[in-house]
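Coordinate inspection notes
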Amino acid sequence: MRTNPLEDLEALLDQFDQDLAVSTGAGGAVDLIETDEEYVAVVDLPGYETTDLDVTYADGRLTISGTRTDTVDATDEQYIRRERRTKSVDKTVALPGPVVEDEITATHEAGVLTITLPKADPADQGRAIDIE
């Protein structure tokens, strides 16, 4: 009996997605919310400590990256098996408009990173250049 090639391709893509999720680590889903005054990025990062994370903003892009190492002990007394897992996250989000870079804030609580980026007045962007 012959299988459906599209089902085989779908299974292969599902496996690729699972492999990619393992290599990039759990979490990292980014929600970007826009209000009249600001953009707010909410990122699920379960298991990451604040010291594991780096947040940068440059050229209209917000980048969240981090690495953590988990250690699992199979026994308390004598190691029969001990595993170390390294997980990482690396997300970049392009913002739809300019922000006030000096006023960007971030908080990390209960595995959720919240980054607030106040909107800049588009009229304040750029500057006049004097010609000599």
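In what follows, the accompanying structure is described. (Residues numbered from 1 in each chain as written. Predicted model: local features only at pLDDT ≥ 70, side-chain atom pairs only at ≥ 80, totals over all residues. Heavy atoms only, no water.)

1. Details of the overall build of the chain
Secondary structure summary: the chain contains one helix and seven strands in total. Overall, the chain shows an N-to-C arrangement of helices and strands of α-β-β-β-β-β-β-β. Expressed as a percentage of its 132 residues, the buried residues of the chain come to 20%. For the chain, contacts bridging at least 24 residues in sequence account for 48% of all contacts bridging at least 6. As displayed, the chain has an accessible area near 9,900 Å², and 48% of this comes from carbon and sulfur atoms. (Helix = DSSP H or I, 4+ residues; strand = E, 2+ residues; numbered from the N terminus. Buried < 20%, exposed > 50% of the residue type's maximum accessible area, 1.4 Å probe, protein only. Contact = heavy atoms within 4.5 Å. Areas by Shrake-Rupley, 256 points an atom, 1.4 Å probe, with all protein chains shown as cover.)

2. Overview of the sheet that holds strand β7 (residues 112-118)
On the basis of which strands lie adjacent, the open sheet formed by four strands has the order β1-β2-β7-β6 and antiparallel pairing. The outermost strands of the open sheet, each flanked by one partner alone, are β1 (30-34) and β6 (105-109). Strand-to-strand twist of the sheet, defined as the mean angle between neighbouring strand axes without regard to direction, takes the value 15°. Relative to strand β2 (residues 38-44), β1 is paired through five bridges, and the arrangement is antiparallel. Each residue of the ladder has a partner; that of I33, found in β2, is V40. (Pairing = 2+ DSSP bridges. Axes fitted to C-alpha atoms, helices over the stretch in contact; angles between N-to-C directions.)

3. A closer look at the packing of aromatic side chains
Each aromatic ring pair is characterised by the separation of its centres together with the angle its planes make. Counting across every chain of the model gives zero aromatic pairs. Above the ring of Y48, the side-chain terminus of R68 is found at 5.0 Å from the ring centroid. (Phe/Tyr/Trp six-rings, centres within 6.5 Å; stacked < 30°, edge-to-face > 60°. Lys NZ or Arg CZ within 6 Å of the ring centre and 35° of its normal.)

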